[in-house]
Amino acid sequence: MTAISKITPASPLPIATDFGIEGMTCASCVLRVEKAIAAVPGVASANVNLATERATVQFTGAADTQAVVSAIERAGYEPKLVVQEFGVEGMTCASCVARVERALKAVPGVVDATVNLATERATVRAAGAADMVALEAAVQKAGYEIRRLHQVAVTDDAEDRRGEEIKKLKSLLIFSVALTLPLFLLEMGSHFIPGVHELIMNTIGMQNNLYLQFALASFVLFGPGLRFFQKGVPNLIRWTPDMNSLVVLGTAAAWLYSVVATFSPNLLPAGTANVYYEAAAVIVTLILLGRFLEARAKGQTSQAIKRLIGLQAKTAFVSRDGEFVETEITDVVVGDVIRIRPGEKVPVDGVVVDGSSYVDESMITGEPVPVEKTTETGVVGGTINKAGSFTFKATKVGGDTLLAQIIKMVEAAQGSKLPIQALVDKVTGWFVPAVILAAVLTFAAWYVLGPSPALSFALVNAVAVLIIACPCAMGLATPTSIMVGTGRAAELGILFRKGEALQSLREADVVALDKTGTLTKGRPELTDLIVQDGFTRQEVLGLIASLEALSEHPIAEAIVSAAKEEGIGSQTVSAFQATPGFGIEGTVNDRKVLVGADRALRKAGVDLSGVSDKAATLGDEGKSPLYAAIDGKLAAVIAVSDPIKDTTPAAIKALHALGLQVAMITGDNKRTANVIARQLGIDEVVAEVLPEGKVDAVKRLRTGNRKIAFIGDGINDAPALTEADVGLAVGTGTDIAIESADVVLMSGDLNGVPKAIALSKATIRNIKQNLFWAFAYNVSLIPVAAGVLYPVNGTLMSPIFAAAAMAMSSVFVVGNALRLRSVNP
């Protein structure tokens, strides 16, 4: 295979990276991909192998993997990317997130990396599995630590770790308060409490008072406050300051100034030898308080995941050597036979082999009515058995169970970034350096232009600017709302497989619904059998049901089911023949039977003129008329329809109440489709659509730049689900449809659609509130901290109040996100 190369002058030793590629079928595909990759700037050579479906790309310098992936996509092929996920410890604000993302994207082979502050997780998409050692080294170089996630489907490891962090913060906070309180009283009490100053002067004396304040402040700063220095100082040295760096600069400046004023006051201008020990200590204490409250609140954002994890049974009664033995859930394997007693949780997914019962599946579907389980019926791990008892064979265990997959879906959605987050990322990239610059300018302005003692004013206001401007709230504004919103949706049986759907769903203008299986039950029923003179109902139904029993058409199933319900047995059939688009025919007990559309009977010479009015009436009712002829004579007019789900009318009404247009896409003829549309109040109808034409139907509905949400359930809906701006699959549908969708409605109830849209609107509204608070807070208070109000009314912001406001901003953002837990759309 010939490589297409670029000739580069005096290039360094090329760096090779492998890329997986899907969709290549021949040598021309290989040539096309090689040309596309070779055209990327910085590529030394590209060698594509059709057999292994891989491209080996050599770069002259730093590997631009994203550019190569884009080139492969533009050539019309699909790059195979490996997704890796791991925890990141030590992040505190939005600038930390940006720093870790930059570090990960610089690792060879990494195409994209997203980091979530709320979940403390990083997701890396790489061309082939990225070197975990390289990823770890990159994160460590940025000043953080990687935490490898356990490859277990359902784990409470994150909860345990968060609990330990909360305990640690609580201990540090108590210690800090115990030291800061007397320090605060010694300094501020002298100013505000009568007699305190005289008491200090008459007991320990002013100089000893300063020494005591120095000792207490030092213990606070380099004890509980050491965590800020451990992160902030290295980031300052790297010229990548973060929130910890702001705290370090502010508290260290106040402490160092106070140390000079205590031990070498002669070095300072006259009248400026003031101490600010209490400010440094109180700042550390208040920020620790904010961190503690934030950690507790963040723990509550993952309540939905914790509840899902809690649904998992710990043990199961498994058949071993003829006896049922209690076994750890991790030891259950596919094929094990498990016994379930009344009131027990179903431990894993499986199929009932003996017994019967009713099982509460509300944790999966949101439906409160228990579902009957008998032989050959499927059961889902985590559901609760009611009164009966049964045994079942395990079909899916561990990470393959539906519950585990749901947890993975929710975690994936919670860890994703919405398009709205792009604004935050742009701002936080330069925010902390800009704040440090603002603090320097504040110091200079006050030192040059401020009143006496100018140095003291300059120091206090510069410290206030550094402390007030922490970007924590910015970093938490979006991910906390996503966590709570997707978690609440999961509790309602709505799974957002992709976090982006939270934003795109609220922007939908038209909700397009597949008819069969979505609006309707998906199971046609025999509604009318109009028997002609000379025939009886039992005779006709028996003959046509015997013939239809050999057909796989859904209409045939409806006719056979009706015959069984009426106790009519099947008869012997010979010479069976099916003609697509026309009907079926055969001989039943020596009688020639033909069942099909009007064109089939006319072709056979059967006169239909006497029943045309009846057929038209059935069509007006939304039913599909068929005809049956026996021995060449019209025997009956048959009407079969797919009943509308009981919940469909209410769902359509709810969608209209949200201001949305509703469209129906169906393969039915226009007349039948319009009847159903009138019954349900549907606004637009796209009828007579072949299965492969649903994608074009979605594109047609998109005219006028309308955003389309498509709801479907079948295999043939998968392309349309992908084509739509948002695809929603009813959970009772096929796996392929569910995998193609952005949102999954576990119950199959269409009322989940308006619920999902309402949740989407509530979550995005919540995110906007958080972002407004986070940005408005900084924009408005940084100038106040810098002292712009001082010339107007003499107002200055104490660094202590700045620390309190900064700490509370993060708590406010998380608290606001937690309100989504009570949303009931």
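The structure presented is a predicted model; accordingly, all values stated were derived computationally and were not measured.

How each quantity is defined
- Residues numbered from 1 in each chain as written.
- Predicted model: local features only at pLDDT ≥ 70, side-chain atom pairs only at ≥ 80, totals over all residues.
- Heavy atoms only, no water.
- Helix = DSSP H or I, 4+ residues; strand = E, 2+ residues; numbered from the N terminus.
- Buried < 20%, exposed > 50% of the residue type's maximum accessible area, 1.4 Å probe, protein only.
- Contact = heavy atoms within 4.5 Å.
- Areas by Shrake-Rupley, 256 points an atom, 1.4 Å probe, with all protein chains shown as cover.
- Pairing = 2+ DSSP bridges.
- Axes fitted to C-alpha atoms, helices over the stretch in contact; angles between N-to-C directions.
- Salt bridge = Lys/Arg side-chain N within 4 Å of Asp/Glu carboxyl O.
- Phe/Tyr/Trp six-rings, centres within 6.5 Å; stacked < 30°, edge-to-face > 60°.
- Lys NZ or Arg CZ within 6 Å of the ring centre and 35° of its normal.
- UniProt positions renumbered as here; feature names shortened; annotations may be inferred.
- Parallel < 35°, antiparallel > 145°, perpendicular 65-115°, else oblique.
- Left-handed = near helix turned anticlockwise from the far one by under 90°.
- Right-handed = clockwise from strand over helix to strand, strands pointing away.
- Polar contact = N/O pair within 3.5 Å; in protein donor to acceptor, adjacent residues only side chain to side chain.
- Core = buried A, V, L, I, M, F, W, Y, C linked by side-chain atoms within 4.5 Å.
- pLDDT = per-residue confidence, 0-100.
- Nonpolar A, V, L, I, M, F, W, Y, C, P; charged D, E, K, R; others polar.
- Patch = residues over 30% accessible without salt bridge, like charges linked within 9 Å, V, L, I, M, F, W, Y side chains within 5 Å.

Remarks on the overall build of the protein
A tally of regular secondary structure across the protein gives 30 helices and 30 strands. Going through the 825 residues of the protein one by one, you find that 52% of them count as buried. Considering only intrachain contacts with a sequence separation of at least 6, the fraction spanning at least 24 residues in the protein is 69%. Accessible area for the protein stands at about 36,100 Å²; split by element, carbon and sulfur atoms hold 57% of it.

Remarks on the sheet that holds strand β7 (residues 110–116)
An order of β7-β8-β6-β9 is seen for the 4 strands of this open sheet, with the pairing classed as antiparallel. At either margin of the open sheet sits one strand with a lone partner, and together these are β7 and β9 (145–147). When the angles between neighbouring strand axes are averaged without regard to direction, this sheet yields 35°. Judged from the 3 bridges that link them, strand β6 (residues 82–89) and β9 form a sheet pairing that is antiparallel.

Re the pattern of salt bridges
Within this structure, the stated rule accounts for 17 salt bridges. Among the ionic pairs, Arg-591 bridges to Glu-539, the shortest N-O distance being 2.5 Å. Of the two residues, Arg-591 sits in strand β23 (residues 591–596) while Glu-539 sits in helix α19 (residues 537–548), which places them 52 residues apart along the sequence. According to the relative accessible area criterion, Glu-539 is partly exposed, its value standing at 25%.

Here's the deal with the packing of aromatic side chains
For the structure on display, the rule yields 13 aromatic pairs. Where Trp-446 meets Tyr-790, the ring centres are 5.2 Å apart and the plane angle is 65°; that geometry is what we call edge-to-face. Residue Trp-446 is located in helix α14 (residues 421–449), and its partner Tyr-790 is located in helix α29 (residues 790–793); the two are separated by 344 residues in the primary sequence. Stacked on the ring of Phe-317, the Lys or Arg Arg-339 has its end atom at 5.5 Å from the ring centre. Across from the ring centre of Phe-317, 4.2 Å away, lies the NZ or CZ of Arg-341, which sits over that ring.

Re unusual backbone geometry
For the peptide bond that leads from Ser-452 to Pro-453, omega is -5°, which places it in the cis range. Here Pro-453 is to be found in the loop between α14 and α15 (454–468). Residues other than glycine seldom take positive phi values, yet Ala-575 does so here, at roughly 55°. Mapping Ala-575 onto the fold places it in strand β21 (residues 573–579). What makes Ala-575 exposed here is its relative accessible area of 60%. If you check the backbone angles, Asn-705 has positive phi at about 60° while not being a glycine. Tracing the sequence through the fold places Asn-705 in the loop between α25 (694–701) and β28 (708–712).

Some thoughts on the UniProt feature "transmembrane region" (unreviewed entry) in the protein
On the UniProt side, "transmembrane region" (unreviewed entry) is annotated at positions that read residues 171–190, 210–229, 241–263, 275–293, 427–449, 455–478, 771–790 and 796–818 here. Secondary structure within residues 210–229 divides into 85% helix and 0% strand; the distance between the first and last C-alpha atoms comes to 24 Å. Split by type, residues 275–293 is 89% helix and 0% strand. Its first and last C-alpha atoms lie 30 Å apart.

Structural notes on the packing of α15 against helix α28 (residues 752–786)
One way to put it is that α15 packs onto α28 with a least axis distance of 8 Å and a crossing angle of 165°. As the angle between them shows, α15 and α28 are arranged roughly antiparallel. Of the two possible hands of crossing, α15 and α28 adopt the one that is right-handed. Residues Asn-461, Ala-464, Val-465 and Ile-468 of α15 touch α28, and the partners they reach there are Tyr-777, Asn-778, Leu-781, Ile-782, Ala-785 and Ala-786.

Brief notes about the sheet that holds strand β18 (residues 494–496)
A sheet is described by the order of its strands in space; here 7 strands give the open sequence β18-β30-β29-β28-β19-β26-β27, paired in mixed fashion. The open sheet has two free edges, formed respectively by β18 and β27 (684–686), since each of these has just one partner strand. Sheet twist, expressed as the mean angle between neighbouring strand axes with direction ignored, is 20°. In this structure, strand β19 (residues 510–514) lies alongside strand β26 (residues 661–665), joined through 5 bridges in parallel fashion. The residue bridging Val-510 from the neighbouring strand is Gln-661, located in β26. In the packing of α28 onto the sheet, contacts are made with β18, β19, β28, β29 (726–730) and β30 (743–745), and the angle to β18 comes to roughly 50°.

Re the pairing of β26
Where a strand is regular, its side chains alternate between the two sheet faces. Most of β26 is tucked away, with 4 of its 5 residues classed as buried. Bridge count for β26 against β27 is 3 bridges, and the pairing is parallel. For Ala-663, the partnering residue across the bridge sits in β27 and is Glu-684. Each parallel crossover has a hand, and the one from β26 via helix α24 (residues 670–680) to β27 is right-handed.

Section: the environment of Gln-405
Mapped onto the secondary structure, Gln-405 falls in helix α13 (residues 402–414). A relative accessible area of 30% places Gln-405 in the partly exposed class. Not counting the four nearest positions on each side in its chain, Gln-405 is found in contact with Gly-399 and Asp-400.

Observations regarding the environment of Ala-75
Locating Ala-75 in the fold gives a position in the loop between α2 (65–74) and β5 (78–80). On the accessibility criterion, Ala-75 (18% relative accessible area) is buried. In this structure the C-alpha to C-alpha distance between Ala-75 and Val-33, which are 42 residues apart in sequence, comes to 6.2 Å. Apart from residues no more than four positions distant in its own chain, Ala-75 is found in contact with Arg-32 and Ala-36.

Comments concerning the side chain of Ser-218
Along the chain, Ser-218 turns up in helix α7 (residues 206–222). For Ser-218, a relative accessible area of 14% puts it in the buried group. In terms of polar contacts, Ser-218 uses its side chain to reach the backbone carbonyl oxygen of Phe-214, at 2.7 Å. Apart from the residues lying within four places of it in its own chain, the contact partners of Ser-218 are Gly-223 and Trp-255.

Comments concerning the nonpolar core
Phe-86, Met-91, Leu-104, Ile-494, Phe-496 and Leu-728 are the most contacted members of the largest nonpolar core, which has 144 residues in total. Take this core: its biggest share by element is 15 residues, from α28. What Leu-728 contacts, discounting residues up to four positions off in sequence, is Leu-505, Ala-709, Phe-710, Ile-711, Gly-712, Leu-721, Ala-741, Val-743, Leu-745 and Ala-756. With 26 residues, the next largest nonpolar core counts Ala-545, Leu-547, Val-588 and Val-595 among its residues.

Here we look at the confidence of the model for the protein
Residues at a pLDDT of 70 or more form 88% of the protein, whose mean pLDDT is 82. Looking across the protein, the model is least confident in strand β1 (residues 4–5), with a mean pLDDT of 36, and most confident in strand β12 (residues 337–340), with 93. Counting interchain partners and residues more than four positions distant, the pLDDT-below-50 stretch residues 1–13 has 28 contacts. Here residues 151–155 is modelled with pLDDT under 50, and outside its nearest four sequence neighbours on either side it reaches 8 contacts, counting other chains as well.

Re the pairing of β6
As paired strands, β6 and strand β8 (residues 121–126) are joined by 6 bridges and run antiparallel to one another. Across the sheet, Phe-86 pairs through a bridge with Ala-122, a residue of β8.

With respect to the packing of helix α8 (residues 226–237) against helix α9 (residues 243–263)
Where α8 contacts α9, the axes come no closer than 7 Å and their chain directions differ by 100°. Taken as axis vectors, α8 and α9 run roughly perpendicular relative to one another. Residue-level contacts link Phe-228, Phe-229, Lys-231, Gly-232, Val-233, Asn-235 and Leu-236 of α8 to Asn-244, Ser-245, Val-247, Val-248, Leu-249, Thr-251 and Ala-252 of α9. Here the contact of α8 with α9 is composed, by residue class, of 8 nonpolar, 5 polar and 1 charged.

Quick notes on a nonpolar patch on the surface
Among the surface-exposed residues, Val-177, Leu-181, Phe-184 and Leu-185 lie close enough to one another that they form a single nonpolar patch of about 330 Å² accessible area. Here Leu-181 is to be found in helix α5 (residues 157–192).

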